[in-house]
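Examination of the molecular architecture
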Amino acid sequence: MKNKYYHQLLTNNKKWVTEMLEKDENYFKRLAEGQKPPVLWIGCADSRVPANQITGTLPGEIFVHRNIANMVIHTDMNMLSVLDYAVNHLKVKHIIVCGHYGCGGVEAAMQNKSLGLINKWIRNIKEVYKDNYTELKKIKDERKDDFGDGRIRKPQMPARNLLGHHKNSLPQEKNWLKSRKPWTQEVFLGGLVIIINS
């Protein structure tokens, strides 16, 4: 069964290569020359929200870092290395932190049970949840767009997750980068929340 799945992945790849070459015979030659993406995308590792597909971009157009619940943590050397490389070497102009509804990492943080190693990773989200507990408990159904009384809700936990742990972390990352190497260009920071079921 496993070999069948791997075979299908390789077949899909060959088909994709053929399609890309039919559209542009020099596509892979240009791609091999290097990358100059204008955007660093920090997104969730969830398989339903791949950056290139949901933005309609091609390989080489977005520099991507993904992890559970799109976390930006000032002690995460993997994320810091991606950020440093994107800003100081690739010279990206935009950093987008993208979350989504139905995030398993956020949902896990809202539970009061031990989940093993992931507990350490999502502890910052747990803090955001704790700080906004009263308001978040008013939501009758996370999958619906209202509080149960007709009021349209704004993106709640995914947005608060973005704002809560990133407003404290990103300035630290920016200061860390500045201390390592002066930024030579202006970088714009933005946040998105994807609604998967729409």
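The structure displayed is predicted, hence computed values, not measured ones.

Quick notes on the rules
- Residues numbered from 1 in each chain as written.
- Predicted model: local features only at pLDDT ≥ 70, side-chain atom pairs only at ≥ 80, totals over all residues.
- Heavy atoms only, no water.
- Buried < 20%, exposed > 50% of the residue type's maximum accessible area, 1.4 Å probe, protein only.
- Helix = DSSP H or I, 4+ residues; strand = E, 2+ residues; numbered from the N terminus.
- Arc of directions from axis to C-beta.
- Core = buried A, V, L, I, M, F, W, Y, C linked by side-chain atoms within 4.5 Å.
- Contact = heavy atoms within 4.5 Å.
- pLDDT = per-residue confidence, 0-100.
- Pairing = 2+ DSSP bridges.
- Salt bridge = Lys/Arg side-chain N within 4 Å of Asp/Glu carboxyl O.
- Phe/Tyr/Trp six-rings, centres within 6.5 Å; stacked < 30°, edge-to-face > 60°.
- Axes fitted to C-alpha atoms, helices over the stretch in contact; angles between N-to-C directions.

**Some points on helix α7 (residues 123–131)**
Turning to α7, its buried residues number three or more, namely I125, V128 and Y129. Seen along its axis, α7 keeps its buried residues to an arc of 100°; they face one direction. Exposed side chains of α7 directed beyond 90 degrees from the buried face belong to K130 and D131.

**Looking at the nonpolar core**
Soluble globular proteins tend to pack their nonpolar side chains together in the buried interior. Judged by nonpolar contacts, the single largest core of 15 residues is most densely connected at L40, I42 and I95. Elements represented by at least two residues in this core include exactly β1 (39–44), α4 (77–88) and β3 (94–100). Examining the composition of this core, we find that six residues originate from one element, α4, more than from any other. Discounting chain neighbours no more than four positions away, the residues touching I95 are L40, I42, L83, V87, V187, F188, L189 and G190. One finds V49, A69, C103 and V106 within the second-largest nonpolar core, a separate group that totals 11 residues.

**Considerations on the confidence of the model for the chain**
Scored by pLDDT, the chain has a mean of 80; 75% of the residues are at 70 or more. Of all secondary-structure elements in the chain, the lowest mean pLDDT belongs to helix α9 (residues 157–180), at 51, while strand β2 (residues 62–67) reaches the highest, 96. This model gives residues 145–159 a pLDDT under 50, and the stretch forms 38 contacts once residues within four places in sequence are excluded.

**Overview of the pairing of β1**
Counted residue by residue, β1 has six buried out of six residues, so it is predominantly covered. Bridging between β1 and β2 involves six bridges; their strand directions are parallel. Following the sheet pairing, I42 is matched in β2 by H65.

**Remarks on the pattern of salt bridges**
Within the structure shown, the criterion is met by three salt bridges. Between K130 and E127 there is a salt bridge whose closest N-O contact spans 3.4 Å. Here K130 and its partner E127 are both found in helix α7, three residues apart, which amounts to about one turn of the helix. Judged by relative accessible area, which is 54%, K130 ranks as exposed.

**What about the environment of N124?**
One can find N124 in helix α7. According to the relative accessible area criterion, N124 is partly exposed, its value standing at 24%. On a C-alpha basis, the gap between N124 and A109 in space is 8.6 Å, while along the polypeptide they are 15 residues apart.

**Focus: the packing of aromatic side chains**
All chains considered together, the criterion is met by four aromatic pairs. Centre to centre, the rings of W16 and F28 are 5.5 Å apart; their planes meet at 80°, and the pair counts as edge-to-face. One end of the pair, W16, is in helix α1 (residues 2–23); the other, F28, is in helix α2 (residues 27–32), with 12 residues separating them in the sequence. Overall, F28 belongs to the partly exposed group, its relative accessible area being 26%. Judged by centre distance (4.9 Å) and plane angle (80°), the rings of Y27 and F28 are edge-to-face. Judged by relative accessible area, which is 8%, Y27 ranks as buried. Each residue in the set W16, Y27 and F28 is aromatic and connected to the rest through ring pairs, giving one cluster.

**Focus on the sheet that holds β2**
Across the sheet, which stays open at both edges, the four strands sit in the order β2-β1-β3-β4 with parallel pairing between neighbours. Looking at strand neighbours, the two that pair on one side only are β2 and β4 (188–194), the edges of this open sheet. Neighbour-to-neighbour, the strand axes of this sheet turn through a mean angle of 20°, independent of strand direction. For β3 and β4, the ladder comprises seven bridges, and the chain directions are parallel. Within the sheet, the bridge partner assigned to C98 lies in β4 and is L192.

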